[in-house]
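The lines below spell out each chain.
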Amino acid sequence: MELKVGDTYECPEGHKAKIVWIREDGKVIGVRCPRQHLSKVVKVADHTKAALPYRQNPRKERKIYVENMVFLIKI
Ligand SMILES: [Zn+2]
């Protein structure tokens, strides 16, 4: 089956994504997934307790999600 730009293809997490790019030799494709993916977890200052001195400021984790991430997949 030949793939082409615009076709539906599964992203690495199993969502329905769309092929947006195909390498010339057809062995690598780029798929853009409209679903949210966890990008990274960062530590941020917890501003709900900002009254404390800076050094004692509690840190909390914030998860960063991105939509429309493009994955390169070897096929
Ligand atoms: Zn996905």
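The notes below deal with the structure included here. Computed from a prediction, not measured in an experiment: that's the story for all the values here.

As a further point, take the overall build of the protein. When you go through the protein residue by residue, the secondary structure sums to zero helices and six strands. Every one of the 75 residues in the protein was classed for burial, and the buried ones make up 5%. Sequence separation of at least 24 residues holds for 40% of the intrachain contacts in the protein that already meet a minimum separation of 6.

For strand E5 (residues 59-66), the tally of buried residues reaches only zero of eight residues, placing the bulk of the element at the surface. Judged from the eight bridges that link them, strand E4 (residues 37-45) and E5 form a sheet pairing that is antiparallel. Across the sheet, the residue bridging to lysine 40 is isoleucine 64, located in E5.

Positive phi, normally seen in glycine, also occurs at asparagine 68, with a value near 60°. By the C-beta count within 10 Å, which is 13 here, asparagine 68 ends up partly exposed.

Before going further, it helps to spend a moment on the environment of proline 12. Along the polypeptide, proline 12 turns up in the loop between strand E1 (8-10) and strand E2 (16-22). For the pair formed by proline 12 and valine 31, sequence separation is 19 residues and the distance between their alpha carbons is 9.4 Å.

This paragraph deals with the sheet that holds strand E3 (residues 28-33). The sheet built from four strands is open, its strands ordered E1-E2-E3-E6 with antiparallel pairing. For this open sheet the edge positions go to E1 and strand E6 (69-74), each flanked by a neighbour on one side alone. On average, each strand axis in the sheet is inclined to that of its neighbour by 45°, with strand direction left out of account.

With respect to the helices and strands, the residue glycine 30 is situated in strand E3. Put simply, glycine 30 and lysine 18 are 12 residues apart on the chain and 8.3 Å apart in space, counted from C-alpha to C-alpha. Not counting chain neighbours up to four residues away, the residues in contact with glycine 30 comprise Val20, Trp21, Val70, Phe71 and Leu72.

Tracing the backbone shows isoleucine 22 in strand E2. On the basis of neighbour counts, which here come to 18 C-beta atoms within 10 Å, the residue isoleucine 22 falls in the partly exposed class. In sequence terms isoleucine 22 and isoleucine 73 are 51 residues apart; their C-alpha atoms lie 9.6 Å from each other. Residues within four places of isoleucine 22 in sequence aside, it is in contact with Leu3, Val5 and Ile29.

About the thresholds
- Along each chain, residues carry numbers from 1 onward, in the same order as the chain's sequence is written.
- Totals for whole chains, interfaces and linings use all residues, but because this is a predicted model, local features are given only for residues with pLDDT of at least 70 and pairs of side-chain atoms are given and counted only at 80 or more.
- A helix here means a DSSP run of H or I that spans at least four residues, while a strand means a run of E at least two residues long, and both kinds are numbered starting from the N terminus.
- Working definition of burial: number of other C-beta atoms within 10 Å of the residue's own, with buried at 20 or more, exposed at 12 or fewer, and partly exposed in between, all C-beta atoms being placed from the backbone.
- By definition, residues are in contact whenever their C-beta atoms, placed on the basis of the backbone, come within 7 Å of each other.
- Strand pairing is assigned whenever DSSP detects at least two bridges linking the two strands.
- In this analysis an axis means a line fitted to C-alpha atoms, helices contributing only their contacting stretch, and an angle means the value between N-to-C directions, from 0 to 180 degrees.

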